[in-house]
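The primary structure of each chain is shown beneath.
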Amino acid sequence: MKLASFGTRVDEGPFLQEWAKRTGNEMLIFTETLNEDTVAKAAGVKGITCLQTVPYSAALFQKMADMGIKFLSIRNVGLDNIDLEGAAAAGVRVSNVPAYSPSAIAEFAVTLTMHLARNLGQVEQHLRDNDYNGAMHYMGREIGQSTVGVVGTGRIGREAIRIFRGFGAKVLCYDPYPVADSDYDYVSLDELLANSDIIDLHVPGLPQNTHMINADSFAKMKQGVIIVNTARGNLIDTKALLDNLRSGKVAGAGIDTFEFEEQDLLNLEKKGSLNDPVWDEMMQMPNVVLSPHIAYFTATAVRNMVEFSMENLMGFINDGQAKNEVQAKAEATK
Ligand code: NAD
Ligand code: COI
């Protein structure tokens, strides 16, 4: 059977080729993102797997339907760039990989937290300036003695809670859909903001969550709070964050998902640097650690993204159902 992969990264290619060989299917592999123009390359395929951060538009889904391609299986978690209503209207069924390795992202969030808690950015800056002695004066804080506020107790949030608790931290949680029968210490968002030394975000970047952390939220936080965002850039009003970093109210920020990140994120290497003034200013701050949306990026995660996406695609094609089908209605509540 002929299938196509779009937005294929160099690191994914071997896993896709190995899958095709093992299962006896033909896989057309494209590095281009999927849109209403590039989809023409997939003529004659039964289904498409894709990884991209640029939008999947209603026009794309209509074009797929016109070409007789009924299935799109994305290789990542976030659905924020998919016009699911457009897909439904065109009769194209969509799946995602909701859990390719939640611990990859949670471990990365904890990594950023530890970097900030022990002031490694400041230490490194002094050492680069040949100031060995100056580097010795940054007293850290211990995670195990801290109160960590985890916002969003889904798959990744729960992994983060497990790890933070392993350090002995007191963990406060906020989620409008609490995990039933858990021993989590759920509080209101305001209580979490007011009582946490470290705030860790794990909620989807849906429009209603845009700037859920804003100037008012920072005003409610503790002096010297650390904030970490490995979820989506739109969750934090970054200009308000910058103000609070400048004033010292926020002692440290770990940002893997930057509000003004390149929309075609996974093709950034083709385009050069980010060239954003807010990014540039934060890059100069030793108490900020920025990373280019790589929390997910481990060998385990990449392999699972490919394998689970292909399981979904074959489920659609062979059995009429995919384990991880997503629909517009479900996305509205989560
Ligand atoms: P999930 O769906 O399992 O959990 C999300 C949780 O957030 C749900 O429990 C939901 O009820 C809760 N939620 C929604 N809105 C909320 C709000 N306003 N306040 C508090 N909680 C809210 O998703 P997940 O697998 O845990 O992933 C979380 C997010 O992480 C994804 O949506 C994606 O944007 C992001 N992500 C980032 C990377 C990366 O590489 N940086 C990788 C994968 C996922
Ligand atoms: C996701 O899986 O939602 C991510 O954020 C990572 C992906 C864009 C590669």
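About the thresholds
Residues numbered from 1 in each chain as written. Chains lettered and ligands numbered in written order. Predicted model: local features only at pLDDT ≥ 70, side-chain atom pairs only at ≥ 80, totals over all residues. Heavy atoms only, no water. Salt bridge = Lys/Arg side-chain N within 4 Å of Asp/Glu carboxyl O. Helix = DSSP H or I, 4+ residues; strand = E, 2+ residues; numbered from the N terminus. Buried < 20%, exposed > 50% of the residue type's maximum accessible area, 1.4 Å probe, protein only. Pairing = 2+ DSSP bridges. Contact = heavy atoms within 4.5 Å. Axes fitted to C-alpha atoms, helices over the stretch in contact; angles between N-to-C directions. Near = heavy atom within 4 Å. Polar contact = N/O pair within 3.5 Å; in protein donor to acceptor, adjacent residues only side chain to side chain. Nonpolar A, V, L, I, M, F, W, Y, C, P; charged D, E, K, R; others polar. Domains from an automatic or database assignment. Buried area = accessible area lost by both parts, 1.4 Å probe.

**Re the pattern of salt bridges**
A full pass over the atoms with the stated rule returns 15 salt bridges. With a closest N to O distance of 2.4 Å, R22 and E307 form a salt bridge. With R22 in helix 1 (residues 13-23) and E307 in helix 11 (residues 299-319), the pair connects residues that are 285 residues apart, well separated along the chain. E307 gets classed as buried once you look at its relative accessible area, which sits at 18%. The salt bridge partner of R93 is E325, with a shortest N-O separation of 2.9 Å.

**With respect to the sheet that holds strand 1 (residues 2-6)**
In space, the 6 strands of this open sheet follow the order 2-1-3-4-5-13, with mixed pairing throughout. Here the strands that pair on one side only, and so sit at the sheet edges, are strand 2 (26-29) and strand 13 (325-326). Bridge count between strand 1 and strand 2: 4 bridges; the pairing is parallel. For A4, the partnering residue across the bridge sits in strand 2 and is L28. Strands in contact with helix 1 are strand 1, strand 2 and strand 3 (48-50); relative to strand 2, the strand with the most contacts, it is inclined by about 160 degrees.

**Structural notes on the site of ligand 1**
The full set close to ligand 1 counts 28 residues, and R155, I156, D175, N209 and T230 are the nearest of them. Within the backbone of T230, an N or O atom sits 2.9 Å from a nitrogen atom of ligand 1. Its residues placed into classes, the shell around ligand 1 shows 15 nonpolar, 8 polar and 5 charged.

**Thoughts on the domain arrangement of the chain**
Each domain of the chain was delimited in the assignment, giving domain 1 (2-100 + 298-326) and domain 2 (102-290). Centre-to-centre, using C-alpha coordinates, domain 1 lies 31 Å away from domain 2. Together domain 1 and domain 2 conceal approximately 1,100 Å² of surface at their shared face, both sides included; 59% is due to carbon and sulfur atoms. Among the residues domain 1 hides against domain 2, the three largest losses belong to R9, T53 and D80. Together they make up 37% of the total. Counting across the domain 1 and domain 2 interface gives 1 salt bridge. Linking D80 and R232 is a salt bridge whose minimum nitrogen-to-oxygen distance equals 3.1 Å. Put simply, domain 1 and domain 2 have 3 residue pairs in polar contact (both at pLDDT 80 or more) between them. Grouping the constituent residues of the side of domain 1 that touches domain 2 by class yields 7 nonpolar, 7 polar and 2 charged.

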